[in-house]
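Coordinates in review
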Amino acid sequence: MQVDDNSAIAETACSHDGPIETDAVIVGAGPVGLFQVFELGLLEIKAHVIDSLAYPGGQCIELYPDKPIYDIPAVPVCTGKELTDNLLKQIEPFGATFHFGQEVTVVDKRDDGRFHVETSKGTRFLAKTVFVAGGVGSFQPRMLRIDGIEAFLDSQLFYRVRNPAQFAGKNLVIIGGGDSALDWTLNFVQDGPHRAESVILVHRRDVFRAAPASVAKMRELCEAHEMQFTVGQATGFERDDAGRLSKLKITGSDGVTRIVPLDMLLVFFGLSPKLGPIADWGLGIDRKQLVVDTEKFETDVPGIFAVGDINTYPGKKKLILSGFHEAALAAFGAAPYVFPEKRILLQYTTTSPKLHKVLGVETPVFD
Amino acid sequence: MTHVVLESCIRCKYTDCVDVCPVDCFREGPNMLVIDPDECIDCAVCIPECPVNAILPEEDVPNDQLPFIKLNAELSRNWPSITKRKAPPADADAWKDRRDKLDQLVR
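Let me sum up the structure you'll find in this document. (Residues numbered from 1 in each chain as written. Chains lettered and ligands numbered in written order. Predicted model: local features only at pLDDT ≥ 70, side-chain atom pairs only at ≥ 80, totals over all residues.)

Quick look at the overall build of chain B now. Helix and strand counts for chain B come out as 3 helices and 4 strands. Beginning at the N terminus, the succession of helices and strands in chain B can be written as β-α-β-β-β-α-α. A compact globule built from 107 residues would reach a C-alpha radius of gyration of about 13 Å, and chain B, at 12 Å, matches this within 12%. The C-alpha extent of chain B, read off along each of the three principal axes, is 30 × 30 × 25 Å. When the 107 residues of chain B are sorted by exposure, 37% land in the buried category. When contacts within chain B are restricted to residue pairs at least 6 apart in sequence, long-range pairs at least 24 apart make up 79% of them. (Helix = DSSP H or I, 4+ residues; strand = E, 2+ residues; numbered from the N terminus. Rg over C-alpha atoms; globule rule 2.2 N^0.38 Å. Buried ≥ 20, exposed ≤ 12 C-beta atoms within 10 Å, placed from the backbone. Contact = placed C-beta atoms within 7 Å.)

In structure tokens:
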């Protein structure tokens with residue numbers, strides 16, 4: 001299932017009209033952040049969702065997309081990917097706007113009680129409430145561990161591809177054994193606008209985590225001498241006279257170190273979460289997690305709620321289902337900030353015509 | 001609760017876990033790592049990273065490994081923080097399938 005990244009629209013709106021004004025900003029598009037959209041939606045609270053990844057799903061997508069989850073109530077088994085897709089389908093009626101590939105850098109409470117939220121891409125919000133569903137932090141690329149190689153970051157060493165055109169016609173070394181490594185390898189080897197001059201794929205073993213079809217295709221291309229695959233690990237590098245990264249030392253499983261010339265080095269070791277700036281937002285913290293009450297899952301700053309793995313309270317268990325419960329109560333806790341005049345009643349999606357309207361479904365006729 | 005580094009780590013110390021820890025709670029001894037129980041947030045990200053399956057949540061620690069809960073707490077007080085992966089000892093592979101390594105632990 002595809003989610004439209006509306007951030008381009010939002011950014012345009014932002015540049016013309018200042019910050020995006022909204023009822024709620026949700027930080028984190030993992031399962032709990034997504035379900036927070038649902039619970040807010042039932043109470044007719046509109047939300048914008050921010051995530052550092054380029055896609056929704058959080059840990060479910062980044063750490064275990066294909067692994068089975070057995071403890072979602074009424075779902076005997078599903079994968080992280082299926083859970084994410086189902087949640088996206090469930091929240092579709094509420095039209096939340098997603099802002100991917102950016103981290104929240106600023107959260108300030110203003111005198112009028114609203115929050116000024118700003119991201120690393122400069123997107124700004126004025127929100128009545130903030131929901132931190134940040135899990136165990138934002139996902140960062142795992143680095144190549146060779147002393148001194150970081151000097152080439154973003155000139156010749158890349159952990160992600162933002163602009164494929166800059167690799168066209170170049171001699172590439174790609175390191176990694178997952179889908180990102182294989183997908184980009186195939187992209188740069190095959191005919192197309194970004195075809196590289198040469199591609200060498202390096203992985204520490206001859207076993208891949210990537211989709212079997214991609215691996216088969218890669219082996220086919222090797223046999224056709226369109227590219228090379230080497231088992232080994234990058235262990236060092238050499239510079240040319242201009243100080244540029246010119247050669248990579250690759251130590252094979254046979255213990256022999258070979259020297260490979262290159263223009264660009266692409267490393268795909270996957271991503272791992274880092275708690276990072278959330279710990280510096282001035283919210284009450286215990287062991288790097290946000291302290292909340294168990295009535296509304298609100299932090300010590302009124303109007304900022306924390307749900308899912310990021311929060312802590314007596315008896316906390318880091319389960320997706322606990323996060324769902326927290327999201328429901330946090331939504332009710334937030335309603336008075338958004339609708340100070342309105343009395344908020346609990347209604348059931350089975351019987352409430354009002355909820356049927358917000359969900360965009362027919363009201364069933366009972367016999 | 002916390003996660004605990006067990007006996008399998010002794011003389012192996014592959015340090016893959018260190019890279020993925022979101023809160024930098026690993027501490028490094030001469031030939032083993034431990035987890036600081038006051039820093040660990042039980043995210044479990046490190047468990048699948050360990051090539052010798054040396055990390056478990058406190059609740060799942062088997063009986064013969066229970067002393068390591070206390071040992072992690074004790075040793076983490078004096079050992080320095082490690083936040084970046086480094087090369088394992090040269091003979092790590094020779095020790096990775098060995099049991100009963102507690103007598104090898106260097107404090």
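Structure shown, so let's carry the discussion forward.
Moving on to helix α4 (residues 80–91) of chain A. All names here are of chain A. For α4, with 12 residues, the first-to-last C-alpha span of 17 Å sits near the 16 Å given by 1.5 Å per residue. Taken as a whole, α4 has its buried residues at Gly-80, Leu-83, Thr-84, Leu-87 and Ile-91. Angular distribution of buried residues about the axis of α4 spans 95 degrees; they occupy a single face of the element. In this structure, the buried side of α4 is in contact with α2 (31–42), α3 (59–62), β3 (68–69) and β4 (78–79). (Expected span 1.5 Å × (residues − 1). Arc of directions from axis to C-beta.)

Let's shift gears to the nonpolar core. Counting 82 residues, the largest nonpolar core has Val130(A), Phe131(A), Val132(A) and Val5(B) as its most contacted members. At 8 residues, helix α7 (residues 320–338) of chain A tops the list of elements feeding residues into this core. The contact partners of Val130(A), leaving out residues within four places of it in the chain, are Val25(A), Val27(A), Val107(A), Phe115(A), Val117(A), Gly303(A) and Ile304(A). Counting residues in each nonpolar core, the second largest holds 30 residues, with Trp184(A), Phe188(A), Val199(A) and Met218(A) among its members. (Core = buried A, V, L, I, M, F, W, Y, C linked by C-beta atoms within 7 Å.)

It is worth spelling out the sheet that holds strand β16 (residues 264–267) of chain A at this point. Residue and element names in this part refer to chain A. Here we have 7 strands laid out as an open sheet, ordered β10-β16-β11-β12-β13-β14-β15, and mixed in their pairing. On the outer flanks of this sheet lie β10 (157–158) and β15 (257–261), each paired with one strand and no other. In this sheet, strand β12 (residues 198–203) lies alongside strand β11 (residues 171–175) in parallel orientation, the contact comprising 5 bridges. What sits directly across from Ile-174, in β12, is Leu-201. (Pairing = 2+ DSSP bridges.)

With that settled, the discussion passes to the interface of chain A and chain B. Contacts between the two partners involve 14 residues from chain A, matched on the other side by 12 residues from chain B. With 3 residues, strand β17 (residues 271–274) of chain A is the largest single contributor of residues to the side of chain A that touches chain B. Taken together, the residues of the side of chain A that touches chain B break down into 4 nonpolar, 3 polar and 7 charged. (Nonpolar A, V, L, I, M, F, W, Y, C, P; charged D, E, K, R; others polar.)

Moving on to the sheet that holds strand β19 (residues 289–291) of chain A. Residues and elements named next belong to chain A. Reading across from one edge, β18-β19-β21 is the order of the 3 strands in this open sheet, with mixed pairing throughout. The outermost strands of the open sheet, each flanked by one partner alone, are β18 (285–286) and β21 (311–312). Two strands pair when backbone bridges link them, and β19 and β21 are joined in this way by 2 bridges, in the parallel orientation. Bridge assignment links Leu-290 to a residue of β21, and that residue is Asn-311.

It is worth spelling out unusual backbone geometry at this point. All names here are of chain A. One non-glycine residue with positive phi stands out, namely Arg-287, at about 50 degrees. Residue position: Arg-287 is located in the loop between β18 and β19. On the neighbour-count criterion, Arg-287 (15 C-beta atoms within 10 Å) is partly exposed.

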